[in-house]
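# Overview (structure and organization)
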Amino acid sequence: MRRLFEPLNSAWTSVITHKLRSFLTILGVVIGIASVIMLMSVGRGTEASILKNISGLGANMITVRGGASSTGGIRGGVGSANTLTLADAQAIQDHVSDIKGVSPISSTGLQVIAGSQNMFVMVTGITPSYLDIYNITIKEGEPITSYELDRKSRVALIGPTISANLFEGDDPVGKKIRMGNNVYTIIGLLDSKGESISSSDNMIMVPLTTLLTTMARSMTSTGDYLVSTITVQAANADVISSVKEQITFLLADRHKIPLGGTNDFSLTSTDEITATIKSSMQTLTLLLGAIAGISLLVGGIGVMNIMLVSVMERRREIGIRKALGAKERDIWGQFLLDSALLTFTGGILGVATGWGGAYLINRSGLVATMVTSDIVVLAVAVSVGIGLFFGFYPAWQGSRMDPIQALRSE
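Residues numbered from 1 in each chain as written. Predicted model: local features only at pLDDT ≥ 70, side-chain atom pairs only at ≥ 80, totals over all residues. Heavy atoms only, no water.

We now examine the overall build of the chain. Secondary structure assignment for the chain yields 13 helices and 14 strands. When each of the 410 residues of the chain is scored for burial, the buried share is 43%. Sequence separation of 24 or more characterises 76% of the internal contacts of the chain that already satisfy a separation of 6 or more. Accessible area of the chain: about 21,200 Å², with a carbon and sulfur share of 59%. (Helix = DSSP H or I, 4+ residues; strand = E, 2+ residues; numbered from the N terminus. Buried < 20%, exposed > 50% of the residue type's maximum accessible area, 1.4 Å probe, protein only. Contact = heavy atoms within 4.5 Å. Areas by Shrake-Rupley, 256 points an atom, 1.4 Å probe, with all protein chains shown as cover.)

Structure (structure tokens):
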């Protein structure tokens, strides 16, 4: 048992004998490890925040947008043309299986006036299913129903941010606002969803039919009402691909797209967006870790420098040990253990420092951070790896010393 702990005891003695030198070596590793953890936690936290915002929009959603149009030989980008109609949405509702809801949507920017307050707002025309699909709840008042939709009623739902700006804390339900040339009655105040993608906090919603009848250029030449997007909620995640195929075939047939031709619409599902974001954020996280790894490299060079000095200072010790029968692997292992002890200690302190730094960054509200177990394990493993890698040459050089020359060095 004593022989087992003797190398470790010798390494510890070497560390505490040169306190300042050991401290500076460990400090370099601490800074490197802490930098890796904090920057990678920023990447993970940002990824988690974005994915949470996407999941808050609703589950298993497929968004259909107007696609490439061609005018005068120039092809427009996806979403650059209104090619979807209210009738398309109804056809999807009637003929596509494995769906929970369909919500055609149209939006326009309007100047909104309430008393002495006014602001420019994006007004969205919705159907009753919109609130369910996007997980939006009513804090006060009533939702838009099929009754208002059929009668093209001039009623509106208002987000909390818009309410605060227009009514300065007063209850908006029952009050009237002017949007464009029309006066609307507010029938409901939406619950806050916080800052997220397409947050309803900054929206005003009106019945889709009302918006379409008051918008210019909202109809096709055949008299169909145009919509900007159609949101479809699949029954579950397993049928998303099937639902997308059904919608593609249905709309291609309705829009008379020839076989092999380019569709004038595009489909995007939330799982595709999530996968793309995950891939991009993982790349960004690795990039941030690699940038922080530069400081670890500097710390590793410092370890090598200190170990080279240690080998030179302990030449006489090496000579005595080799004269007493110590083998090269014993000397080599001893100096590697010294190096690993320094970097392991730096790694543990670096993890604590990085974790604390990530916590403070998160609490400050500047950016979201998330420290995960794999980041911690990676940081500690890298710290020990650096000790072994940069300690290898000094250890090898010490083990190759001639004992006679080593004893005559002092």
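This part is about unusual backbone geometry. Positive phi, normally seen in glycine, also occurs at Asp98, with a value near 60°. Positionally, Asp98 belongs in the loop between α3 (86–95) and β5 (99–114). Of note, Asn135 is a non-glycine position whose phi angle comes to about 55°, a positive value. Relative to the elements of secondary structure, Asn135 occurs in the loop between α4 (129–133) and β7 (138–141). Asn135 gets classed as partly exposed once you look at its relative accessible area, which sits at 44%.

Moving on, we come to a nonpolar patch on the surface. A surface patch of nonpolar side chains, amounting to about 500 Å² of accessible area, comprises Leu20, Phe23, Leu24, Leu27 and Ile31. Considering the arrangement of structural elements, one finds Leu24 in helix α2 (residues 19–57). (Patch = residues over 30% accessible without salt bridge, like charges linked within 9 Å, V, L, I, M, F, W, Y side chains within 5 Å. Salt bridge = Lys/Arg side-chain N within 4 Å of Asp/Glu carboxyl O.)

Here we come to the environment of Val42. Secondary-structure assignment places Val42 in helix α2. Linking Val42 and Val367, residues 325 residues apart in sequence, is a C-alpha distance of 7.0 Å. In this view, Val42 contacts Val367, Ala368 and Thr369; residues no more than four positions away in its chain are not counted.

Right, let's get into the packing of α3 against helix α8 (residues 240–254). Between α3 and α8, the least distance of the axes is 11 Å, while the angle of their chain directions is 135°. In terms of axis orientation, α3 runs oblique to α8. For the pair α3 and α8, the sense of crossing is right-handed. Between α3 and α8, the residues in contact are Ala87, Asp88, Ala91, Ile92 and His95 and Gln246, Ile247, Leu250, Leu251 and Arg254, respectively. Taken together, the residues of the contact of α3 with α8 sort by class into 6 nonpolar, 2 polar and 2 charged. (Axes fitted to C-alpha atoms, helices over the stretch in contact; angles between N-to-C directions. Parallel < 35°, antiparallel > 145°, perpendicular 65-115°, else oblique. Left-handed = near helix turned anticlockwise from the far one by under 90°. Nonpolar A, V, L, I, M, F, W, Y, C, P; charged D, E, K, R; others polar.)

What follows deals with the pattern of salt bridges. Using the criterion set out here, one finds 3 salt bridges in the structure. For Asp374, the salt bridge is made with Arg44, and the minimal N-O distance between the two is 2.8 Å. Highlighted residues: Asp374 in helix α12 (residues 373–399) and Arg44 in helix α2, separated in sequence by 330 residues. Residue class for Arg44 comes out partly exposed when judged on its relative accessible area of 22%.

Quick look at the nonpolar core now. Counting 26 residues, the largest nonpolar core has Val64, Ile92, Ile230, Val232, Val243 and Ile247 as its most contacted members. Broken down by secondary-structure element, the contributors of at least two residues to this core are β1 (61–66), α3, β5, α7 (208–214), β13 (229–234), α8 and β14 (265–269). In terms of residues, this core owes the most to one element, α8, which gives 6 residues. In this view, Ile230 contacts Ile62, Thr63, Val64, Leu84, Thr85, Asp88, Ala89, Ile92, Val102, Ser103 and Pro104; residues no more than four positions away in its chain are not counted. Within the second largest apolar cluster, 23 residues are counted, among which are Val36, Leu296, Phe335 and Val380. (Core = buried A, V, L, I, M, F, W, Y, C linked by side-chain atoms within 4.5 Å.)

On to the confidence of the model for the chain. Any residue range with low pLDDT should be treated as having predicted coordinates unsuitable for detailed reading. Residue-level pLDDT values for the chain average 80, and 80% of them are 70 or greater. Considering each helix and strand of the chain separately, the mean pLDDT is smallest for strand β2 (residues 70–71), with a value of 38, and largest for strand β8 (residues 155–158), with 95. Note on residues 69–80: pLDDT under 50 across the span, and 19 contacts to partners over four residues away in sequence or across chains. (pLDDT = per-residue confidence, 0-100.)

Right, let's get into α3. Every buried residue of α3 is accounted for by Asp88, Ala89, Ala91 and Ile92. Projected onto a plane normal to the axis of α3, the buried residues spread over an arc of 160° and lie on a single side. On its buried face, α3 is in contact with β4 (84–85), β5, β13 and α8. (Arc of directions from axis to C-beta.)

What follows covers the environment of Tyr130. Structurally, the position occupied by Tyr130 is in helix α4. Under the relative-accessibility criterion, Tyr130 is labelled buried at 5%. Put simply, Tyr130 and Pro104 are 26 residues apart on the chain and 8.2 Å apart in space, counted from C-alpha to C-alpha. Ignoring sequence-local partners within four residues, the contact set of Tyr130 consists of Ser103, Ile105, Ile136, Met203 and Met205.

Side chains of β8 alternate between two faces, with Val155 and Leu157 and Ala156 and Ile158 buried alike. Inspection of the sheet shows β8 paired to strand β10 (residues 182–190) by 4 bridges, in the parallel sense. The partner of Ala156 across the bridge, within β10, is Ile186. Two strands pair when backbone bridges link them, and β8 and strand β11 (residues 203–207) are joined in this way by 2 bridges, in the antiparallel orientation. Directly across from Ile158, in β11, lies its bridge partner Ile204. (Pairing = 2+ DSSP bridges.)

Turning our attention to helix α6 (residues 160–167). Burial in α6 covers these residues: Ile162, Ser163, Leu166 and Phe167. Buried residues of α6, viewed axially, fall in a sector of 100°; they line one side. Against the buried residues of α6 lie β5, β6 (117–126), β8, β9 (176–179), β10 and β11. Once α6 finishes, Glu168 follows within two positions and takes phi at roughly 50°, a positive value.

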